[in-house]
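Reading the structure
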Amino acid sequence: MTGDEDNRPGPQREESAAEDAWLLVAVSTAGGADSLRVHVWRKLRGLGAVYVQQSVCLLPDRPPVAGTVRKLADKVRAGGGTARCLHLTLTDPVERGKLIGEFRASVTAEYSEVLERLPAFFAEIETETAKGHTTFAEVEESEADLARFEAWVAKIEARDYFAAPIGAEVRAELERARKAMKAFEAAALAAETAPHTGTGRGAVQLGAVEGQGHRP
């Protein structure tokens, strides 16, 4: 370590340390149930692990990640498999940069898919509003769609360890979706609580009934 590195501000030293510290996870579910293999795949995929070879992957050494990996290793061993988790320090800036780039590329692809699908959410609200379909049922359906987007983005953010730039755009679009949802909800409320004016379909039907009573 050089003298310049020793004099770096605290936050910068902490950021560098977070990029240097990694977990090498080696898991084998041979001898275990198929469900254990699926569980391991889902957990490691959910953490955003980058595989360096079959059954061996790398993850940032962060407290929440390390805790999840420890629990996973215990479950694998209890299920008849084998698991090891080693704490590593990557001092080669080139290799470290490549690895961080792989993590960012992975979450960027996921964020991009969110951005590809969000326009359909806005289009649906615009279409239903234009048709006058501002009803409670439509609001519930759109709320469910928004909740799925929010849950999806939350999962991606949890493995966005190195702040992929596209994340800010996704969060802005998600906030725009929340505002669109509020406006749609307000329109539905206004439509269902508006006082009857005696015009429209109900009035026409009533007039037809009254006219039948006075036919010659």
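Residues numbered from 1 in each chain as written. Predicted model: local features only at pLDDT ≥ 70, side-chain atom pairs only at ≥ 80, totals over all residues. Heavy atoms only, no water.

Re the pairing of strand S3 (residues 56–60)
For S3, a buried count of five out of five residues is recorded, marking the element as mostly surrounded by other parts of the structure. Here S3 shows a buried face lined by Val56, Leu58 and Pro60 and a second buried face lined by Cys57 and Leu59. By the bridge criterion, five bridges tie strand S1 (residues 21–28) to S3 in an arrangement that is antiparallel. Bridging from a neighbouring strand, Ala26 pairs with Val56 of S3. Taken together, the three bridges between strand S2 (residues 50–53) and S3 define a ladder with antiparallel strand orientation. Looking at S3, one finds that Gln53 is bridged to Val56. The turn linking S2 back onto S3 is made up of two residues, and Ser55 within it adopts a positive phi angle of 70 degrees. (Buried < 20%, exposed > 50% of the residue type's maximum accessible area, 1.4 Å probe, protein only. Helix = DSSP H or I, 4+ residues; strand = E, 2+ residues; numbered from the N terminus. Pairing = 2+ DSSP bridges.)

Regarding empty space enclosed by the protein
Tallied over the entire structure, the rule returns one cavity of 30 Å³ or more. Counted as a void, the largest cavity has a volume near 30 Å³. Taken together, Arg45, Gly48, Phe103, Ser106, Val107, Glu110 and Arg159 make up the full set of residues lining the largest cavity. Take the lining of the largest cavity: its biggest share by element is four residues, from helix H5 (residues 93–130). Here the residues of the lining of the largest cavity are counted per class, giving two nonpolar, two polar and three charged. (1 Å grid on protein atoms, 1.4 Å probe; cavity = no way out; pocket = protein on both sides within 12 Å on 5 of 7 lines; lining within 4 Å. Points joined across faces, edges and corners; volume = space filled by probe spheres on them. Nonpolar A, V, L, I, M, F, W, Y, C, P; charged D, E, K, R; others polar.)

A word on the confidence of the model for the chain
A low pLDDT score tells you not to read the predicted coordinates there in detail. Per-residue pLDDT for the chain has a mean of 85; in total, 82% of the residues score no lower than 70. Considering only residues more than four positions removed or in separate chains, one finds that residues 1–15, a stretch of pLDDT under 50, has five contacts. Note on residues 197–216: pLDDT is under 50 here. Beyond four places in sequence and across chains, it has one contact. (pLDDT = per-residue confidence, 0-100. Contact = heavy atoms within 4.5 Å.)

A closer look at the packing of aromatic side chains
Scanning the model with the defined rule gives eight aromatic pairs in all. Taken together through their ring pairs, the aromatic side chains of Trp22, Phe103, Tyr161 and Phe162 make up a single cluster. Over the ring of Phe162 we find Arg62, and its NZ or CZ is 5.3 Å from the ring centre. Between the NZ or CZ atom of Arg176 and the centre of the ring of Phe122, over which it lies, the distance is 3.9 Å. (Phe/Tyr/Trp six-rings, centres within 6.5 Å; stacked < 30°, edge-to-face > 60°. Lys NZ or Arg CZ within 6 Å of the ring centre and 35° of its normal.)

Here we look at the packing of helix H3 (residues 34–47) against helix H4 (residues 63–78)
Remark: H3 packs on H4, axes separated minimally by 11 Å, with the N-to-C direction vectors making an angle of 170 degrees. In terms of axis orientation, H3 runs roughly antiparallel to H4. Taken together, the residues of H4 that come into contact with H3 (itself represented by Leu36, His39, Val40, Lys43, Leu44 and Leu47) are Val65, Thr68, Val69, Leu72, Lys75 and Val76. A class-by-class count of the residues in the contact of H3 with H4 yields eight nonpolar, two polar and two charged. (Axes fitted to C-alpha atoms, helices over the stretch in contact; angles between N-to-C directions. Parallel < 35°, antiparallel > 145°, perpendicular 65-115°, else oblique.)

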